[in-house]
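Next come the chains, spelled out residue by residue.
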Amino acid sequence: MSAPTSPADLYRHSLRLLLDKDIAAWVALWAEDGLMEFPFAPDGWPRRLEGKEAIAAYMRHYPDHIDLHDFPDLRIHQTTDPQTVVVEMRGVGRLVESDAPFDMTYIAVVTVREGHITSYRDYWNPLAVQEPGTDFTGSSR
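Bear in mind the structure is a predicted one, so any value in this text is a computation, not a measurement. (Residues numbered from 1 in each chain as written. Predicted model: local features only at pLDDT ≥ 70, side-chain atom pairs only at ≥ 80, totals over all residues. Heavy atoms only, no water.)

### Here's the deal with the pattern of salt bridges
Okay, step 1: Taken as a whole and judged by the stated rule, the model has 13 salt bridges.
Okay, step 2: Note that D20 is salt-bridged to R16, the shortest N-O span being 3.1 Å.
Okay, step 3: The residue D99 makes a salt bridge to R94 at a minimum N-O spacing of 3.3 Å.
Okay, step 4: D99 gets classed as exposed once you look at its relative accessible area, which sits at 52%.
Okay, step 5: Taken together, the shared-partner salt bridges in this structure form one network comprising K21, D67, R94 and D99. (Salt bridge = Lys/Arg side-chain N within 4 Å of Asp/Glu carboxyl O. Buried < 20%, exposed > 50% of the residue type's maximum accessible area, 1.4 Å probe, protein only.)

### Things to note about the packing of aromatic side chains
Okay, step 1: Scanning all chains against the criterion turns up seven aromatic pairs.
Okay, step 2: Between F38 and Y58, the ring centres sit 5.1 Å apart and the planes meet at 35°, which makes this aromatic pair tilted. With a gap of 20 residues between them, F38 in the loop between β1 (30–37) and β2 (48–50) and Y58 in helix α3 (residues 52–59) connect regions that are remote in the sequence.
Okay, step 3: When its relative accessible area of 1% is taken as the criterion, F38 is described as buried.
Okay, step 4: The interplanar angle of 70° and the centroid separation of 6.4 Å between the aromatic rings of F38 and W124 together place this pair among those described as edge-to-face. Of this pair, F38 sits in the loop between β1 and β2 while W124 sits in strand β7 (residues 116–124); the two residues are 86 residues apart in sequence, bridging distant segments of the chain.
Okay, step 5: For W124, a relative accessible area of 6% corresponds to the buried category. (Phe/Tyr/Trp six-rings, centres within 6.5 Å; stacked < 30°, edge-to-face > 60°. Helix = DSSP H or I, 4+ residues; strand = E, 2+ residues; numbered from the N terminus.)

Here you go:
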């Protein structure tokens, strides 16, 4: 597959990689100095990841804990900055440890420069991580 050419196409491609559990390819979409932020992160969860290496470490064990099946209700909105999109979506699947359903609502603000994600602000629901088996971050909560 050729590299996506627009921020919306790159984002759609990133979701496909998450569904395929190809975390290495997902991380490869990031700029070396990319910034991932979680403004609603609860205590014990990271609020800011600086650089591709930190993002890779954060995501490394994601598929071992959350088995994503689909991203229904995906809506991608263009902003006045052609390199920035606002995304509304749900992620659904199951929690690997408990086999309980996983259903998370997200809003993300994503900026892409020169074909790589440079900024990703992820406004996910912190109440959803109170379920056993959701902590893939290695936090001590």
